[in-house]
Structure formats: structure tokens, C-alpha cells
Amino acid sequence: MMKDVIVIGGGAGGLAAAIEIHQAGKDVLLIEREEFLGGILNQCIHNGFGLEVFKEEYTGPEYANQFIDVFLQEKIDYLLDTTVIGLKKEGHIFTVETSNESQGIEFYQTQTVVVSTGSYERTRGQISIPGDRPYGVITAGSAQRYLNTDGLLVGKKVFILGSGDIGLIMARRMKLEGAEVLGVAEIMPHSNGLNRNIVQCLNDFDIPLYLSHTVTEIIADDHQRLSKIKVSKVDESFRVIKGSEKVFEVDTLLLSIGLIPDVTILDDLGVEIDKRTKSVKVNQAYETNIEGLFVCGNALQVHDLVDNVTLESKRAGQAVVRYLNKDKVKENHTLSLNPGTNLAYITPQRLDMGLEQENISLSFRSRKKMEKAVCKIYQNSQLIFEKKLFFVLPAEMETIQLPFKTIQDQGDLKVELEVKS
Ligand SMILES: Cc1cc2nc3c(=O)[nH]c(=O)nc-3n(C[C@H](O)[C@H](O)[C@H](O)COP(=O)(O)OP(=O)(O)OC[C@H]3O[C@@H](n4cnc5c(N)ncnc54)[C@H](O)[C@@H]3O)c2cc1C
């Protein structure tokens, strides 16, 4: 079957992109491996979603439903319970290989693919915590899914490693379900979660946050269940400070140690990777170095707010439409966009000067907490644009609009964060 566009992933990103493309009159097929549309939002039953896009506060499923309703009304083609297991390109045509329990393996062809496959959680193996290998050590997102979609509480005496938003939300959730939550340890000197989650999930529930601390040993009981953890303080170079060790008797350790964009289905395509985002490099149209292959949502960069996923994926959908309509105004020539002082990363990583537009959305994270921050953009060592941001945190992704007309035709760009003097 040949489609104009295949969207892979039916979370907030895939839904927004598919709706945008369909409403422009293109033929779209969305493929989702779960039984439901909505992605990670389905397990996020707390509120705090939608303040930017809807000026209202929704729960995750309520937010997802705003888009699922439109998606279904528009009668966009979709497949559920169907996993994309392969993606190849020959000439101008992509072949998408899918697996479904009742249909088996099937192949779909298209000229354009949007990958919006979300992200996955880092696990214990990625940070090498010493000690035993008992059960009771689980990622915070998995524990959330067990609790919120299957009704299963994974433990009663809980400690959380990592102060990312999932860990903070789960600290409150486990406490509300009757578990004892003994604390949250964070190796950085600052939290990695949104400030509102520190207040509403930890402070309001008297759950201690141990900054500059990490788990240094995991200890099992005779039944191979987690029984104790050791937590120690670290110095500025993240070295464990001897004698600072505390022992906590727990049956569960939840790991909230970061998300990684899931672009594993692109492994065979030779897509250019950015080691900072651990995802693909894109231009301002969210197109990779493989023509016709677009990436958006958490698959491109980990977002803390779903509203930003929606806005980015709508822009990606509009860019796909322009691509299909062959709206490119000039010959292809690209400039690179690089993160400078105080920036952890920036997207897009390339600007295609053939794609004239009014503004370019740039997203980035700071390396450290900064007050009175100014974002400055340089080209050929000249300042071409600046914007005051006041307060930036590594936990909060920033997005600014760079007017296209400020960019010169030649010379790579560098984006920096400075403190306003
Ligand atoms: C615990 C938690 C709490 C959060 N809290 C908030 C909050 O309070 N407020 C807020 O605004 N935001 C919050 N967020 C952020 C926001 O919810 C997410 O950034 C957003 O929903 C991600 O959307 P996505 O479409 O990029 O990814 P996902 O929702 O992960 O969707 C990706 C989809 O792709 C599918 N998929 C993956 N691989 C394949 C494949 N090979 N074949 C077919 N389908 C595939 C997956 O099944 C999934 O449905 C939270 C996120 C988490 C995890």
C-alpha cells in the first residue's frame, strides 16, 4: 500500500503531526504499537498538562483525548497493536515493515516518514550501581505504568534515585497509595525536575530531597528482594565522600535517571546523530539528512512539557506538507547551528537556506541554573540576535524564535547563554 506519509508513533507528537498533514489534504497512515492512541500520556494521570496550548490544566489522558477526538473525527487511517520493526529507503521510496499479532509481517510504502516514537528510560546498567541484583529495582516510568494502568503497587518502602519529573511525580503517587517514601537522591547539586513538581510532589508531602547524593550500594535479602540501599554524598566532581553514607531499609528503588530519545528504528538508515541529544540531527523543517525522513517529539529531544511536543510536531507536520508540495524556494545550501557557552544542546542542528520562512524555532537547554540570562546568536563572530530569558534551568527546555531575515547567507551560527551585565 502506498501512502503520502507514514507517521510512526501515536503519542502527542505523532497525533499532532498526523492531524496537521491530513488537514492539508495529504494521505496519512499512523502506526502505533500499543492498543491505544495517546502514548505516555495515558499513564500520566496527574494534572499539569496543556497550560500553554489550551490555557487549561488537564491530566495526561484528558490532554491526549483533545487530539484523539480530532484524529478520529477526521477519519485518519491508523493501525494499533502494530510495531514498526524495519525502515528502509530505496530511491525515493521508504518501505516500512510492521509486525502485528494477527496480521503477521506487512510492508507499507511511502515517500515521507515522520518518526515520533518517544523516548525510553535509562536503567541501572547505564549508571553501574554496585551491589546485588535483586528484584525491587525498577524504572520510575515502569512503576507508573504498573500503578496507573494495571493497578499494581510495586512496593511499600520506596526510595527514588534521580529527581527528574517522573521520579518526583512517582514519589507523590506512591505516597498517596499508602507507600512510605523515604527520600529522593539527586547526584547534581540541583533538581532535574520542574520546580512546580519539587514543591507539589516533595515539599507538600514532606519527602526529603538529598541533593549531591547518589545510591552507592544495593543489598538483597535471602529471597533476592531488595532490602537496603546505601546513599552517599558526592563532591563537585561527583566523587563519593567517604564517611557520608546513610543506610535506608527499602523494598523498592525507583530509578528516574533520564530519558533517551528512541530512534532505534533508524539504525539501518545511516542517519546523522547528535551525541548531545542522543538523537538525529535535523534542519529547521525537522528533516534529517535522509530526504523525506522527519523526526519530532521526544524522539527528537526529551521535552519536559507536552505542550512543546505538540507545538513542535505541528511545525513538523506543516514542514512535511511544504516538502510534499515542493515549496522549497532556493537551491539547497545549509549552515550549521552549534551550541556555545552554557548550552547543553540545540535543535535544529542545521539551517537549510533554501527553506525561507518568517521565524525559525530554536530549542535548547542550559547547562546550569542562570538568572538574568540572555540568549545570544553569533554568525561570523557578529552578534545577529539576542533575547532576554531572565531565568533558565537545565530541567526546562527553552524555545525562542529566530527571525530568518537576521541570518546571513554564509557562515555557521553559534548560540550562547550569557548573564546580563
Ligand atoms: C512520567 C511523566 C510525567 C510527565 N508530566 C508532564 C506534565 O506534568 N506536564 C507536561 O506538560 N508534560 C509532562 N510530561 C511530558 C510529556 O507527557 C511527553 O513529553 C509527551 O507526552 C511525549 O510525547 P511523544 O509523542 O513524543 O512520545 P510518546 O508519548 O512516548 O509516544 C510515542 C509513541 O510511539 C509508539 N512507538 C514507539 N516505537 C514504535 C514502533 N517501533 N512502532 C510503532 N509505535 C511505536 C509508542 O508506543 C508511543 O505510543 C511527562 C512525561 C512523563 C514520562
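Parameters at a glance
- Residues numbered from 1 in each chain as written.
- Predicted model: local features only at pLDDT ≥ 70, side-chain atom pairs only at ≥ 80, totals over all residues.
- Core = buried A, V, L, I, M, F, W, Y, C linked by C-beta atoms within 7 Å.
- Buried ≥ 20, exposed ≤ 12 C-beta atoms within 10 Å, placed from the backbone.
- Helix = DSSP H or I, 4+ residues; strand = E, 2+ residues; numbered from the N terminus.
- Expected span 1.5 Å × (residues − 1).
- Bend = angle between axes of the 7 residues up to and from the residue.
- Contact = placed C-beta atoms within 7 Å.
- Near = placed C-beta within 6 Å.
- Nonpolar A, V, L, I, M, F, W, Y, C, P; charged D, E, K, R; others polar.
- Domains from an automatic or database assignment.
- Pairing = 2+ DSSP bridges.
- Axes fitted to C-alpha atoms, helices over the stretch in contact; angles between N-to-C directions.

The biggest cluster of nonpolar side chains holds 50 residues, and the ones touching the most others in it are Val113, Val114, Phe294 and Val295. Residue contributions to this core peak at seven residues, all from helix α1 (residues 12-23). Of all hydrophobic cores here, the second largest spans 32 residues; its members include Ala171, Leu202, Ile207 and Val250.

This brings us to helix α2 (residues 60-73). Given a rise of 1.5 Å per residue, 14 residues ought to cover 20 Å, and the 20 Å separating the end C-alpha atoms of α2 matches this to within 8%. At glutamine 66, α2 is deflected by roughly 25°, the largest bend along its length. Turning to α2, the residues buried within the fold contact α1, β3 (47-49), β4 (58-59) and α7 (306-324). Backbone geometry just after α2 places lysine 75 at a positive phi near 55°.

The next subject is the site of the ligand. Close to the ligand lie 36 residues; Gly9, Gly11, Gly39, Gly118 and Gly297 are nearest. Counting only elements with at least two residues in the shell around the ligand, the list comes to α1, β3, β6 (82-90), α4 (140-150), α5 (165-176) and α7. Tallied by class, residues from the shell around the ligand come to 14 nonpolar, 16 polar and six charged. In this structure, the shell around the ligand is formed jointly by two domains, domain 1 (1-121 + 259-327) and domain 2 (123-257), each of which donates at least three residues.

Pairing between sheet strands relies on hydrogen bonds along the backbone, with the strands arranged either parallel or antiparallel. Ordered by their spatial adjacency, three strands build an open sheet running β14-β15-β16, and the pairing between neighbours is antiparallel. The sheet is open, and its two borders are formed by β14 (213-220) and β16 (246-249), each paired with just one other strand. Direction aside, the axes of adjacent strands within the sheet are offset by 25° on average. Both strand β15 (residues 226-233) and β16 contribute to a ladder of four bridges, which runs antiparallel. The residue bridging isoleucine 229 from the neighbouring strand is phenylalanine 248, located in β16.

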